[in-house]
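What the coordinates show
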Amino acid sequence: MSAVKELFASGWSHGKYVDYWSFVHFLTGAILGIGSIILALPHFFSFVLILVLLIAYEGIEMLGRVSEGIENILSDIVIGGAGSALTIFYLPQILSTPN
């Protein structure tokens, strides 16, 4: 059980891989993805741009001395990228499917 607690922090403190902030990163990626759909940007370009923005944000956190391990930083980027990918590549298909 302690191994699970080490990998996932059930609170706002930083876990090794996943914590409550992971949900915020997922939603950030999804919201940026919705923005790219509204702006009618090409899908792949949007995805790469959002990944660059997520990486830049993690860099800003490092400059601000936010204490996270490299595993948490990488998982934040991957989780944010997953949120954007689901939104960019699947949301238009879901919305265009007739009931």
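No experiment lies behind these values; they were computed from the predicted model shown. Counting from 1, residues in each chain are numbered in the order their sequence is written. Owing to the predicted nature of the model, reporting of local features is limited to residues with pLDDT of at least 70; listing and counting of side-chain atom pairs is limited to 80 or more, with chain, interface and lining totals taken over all residues. Each side-chain value is worked out from all heavy atoms of the structure, with water and hydrogens disregarded.

Focus on the packing of helix α3 (residues 43-63) against helix α4 (residues 70-96)
Where α3 contacts α4, the two axes come as close as 9 Å, and the packing angle between them is 155°. As summarised for this structure, α3 and α4 are arranged roughly antiparallel, according to the angle between their axes. For the element pair α3 and α4, the recorded crossing hand is right-handed. Side by side, α3 and α4 meet where His-43, Ser-46, Phe-47, Ile-50, Leu-51, Leu-54, Ile-55, Glu-58 and Met-62 of the first sit next to Ile-73, Asp-76, Ile-77, Gly-80, Gly-81, Ser-84, Ala-85, Ile-88 and Phe-89 of the second. Tallied by class, the residues present in the contact of α3 with α4 amount to 11 nonpolar, five polar and two charged. To obtain each axis, a line is fitted to C-alpha atoms, and for helices this fit is confined to the stretch in contact; angles are then taken between N-to-C directions over 0 to 180 degrees. Under the scheme used here, helices are H or I runs from DSSP no shorter than 4 residues and strands are E runs no shorter than 2 residues, and both carry numbers assigned from the N terminus. Working rule for angles: under 35 degrees goes down as roughly parallel, over 145 as roughly antiparallel, 65 to 115 as roughly perpendicular, anything else as oblique. By convention the crossing between two helices is left-handed if the near helix lies anticlockwise of the far one by an angle smaller than a right angle, and right-handed if it lies clockwise. It only takes one pair of heavy atoms within 4.5 Å for two residues to be counted as in contact. Three classes are used, and their members are as follows: Ala, Val, Leu, Ile, Met, Phe, Trp, Tyr, Cys and Pro are nonpolar, Asp, Glu, Lys and Arg are charged, and the others, Gly among them, are polar.

Notes on unusual backbone geometry
Here the phi dihedral of Ala-40 falls at roughly 55°; this positive angle occurs in a residue that is not glycine. Tracing the backbone through its elements, the reader meets Ala-40 in the loop between α2 (20-38) and α3. Under the relative-accessibility criterion, Ala-40 is labelled exposed at 65%. Using a 1.4 Å probe on the protein chains alone, a residue whose accessible area is under 20% of its type maximum counts as buried, one over 50% counts as exposed, and one in between counts as partly exposed.

A short note on the side chain of Ser-75
You can see Ser-75 is positioned in helix α4. Polar contacts, as used here, are pairs of N or O atoms within 3.5 Å; protein pairs need one atom able to donate a hydrogen and one able to accept it. Residues neighboring in sequence count only if both atoms are side-chain atoms. There is a polar contact of 3.0 Å between the side chain of Ser-75 and the backbone oxygen of Asn-72.

Considering a nonpolar patch on the surface
Patch criteria: residues need more than 30% relative accessible area and no salt bridge. Like-charged residues are merged within 9 Å; nonpolar side chains of Val, Leu, Ile, Met, Phe, Trp and Tyr are merged within 5 Å. Exposure was quantified through the Shrake-Rupley algorithm and a 1.4 Å probe, taking into account, for residues, occlusion by the shown protein chains and nothing else. Whenever Lys or Arg places a side-chain nitrogen within 4 Å of a carboxyl oxygen from Asp or Glu, that contact is recorded as a salt bridge. A cluster of nonpolar side chains, namely Leu-86, Phe-89, Tyr-90, Ile-94 and Leu-95, defines an oily patch on the protein surface of about 540 Å² accessible area. Relative to the elements of secondary structure, Ile-94 occurs in helix α4. A relative accessible area of 59% means that Ile-94 is categorised as exposed.

Points about the environment of Gly-33
Within the secondary structure, Gly-33 sits in helix α2. Overall, the relative accessible area of 0% leaves Gly-33 in the buried class. Placed 54 residues apart in sequence, Gly-33 and Thr-87 show a C-alpha to C-alpha distance of 5.5 Å.

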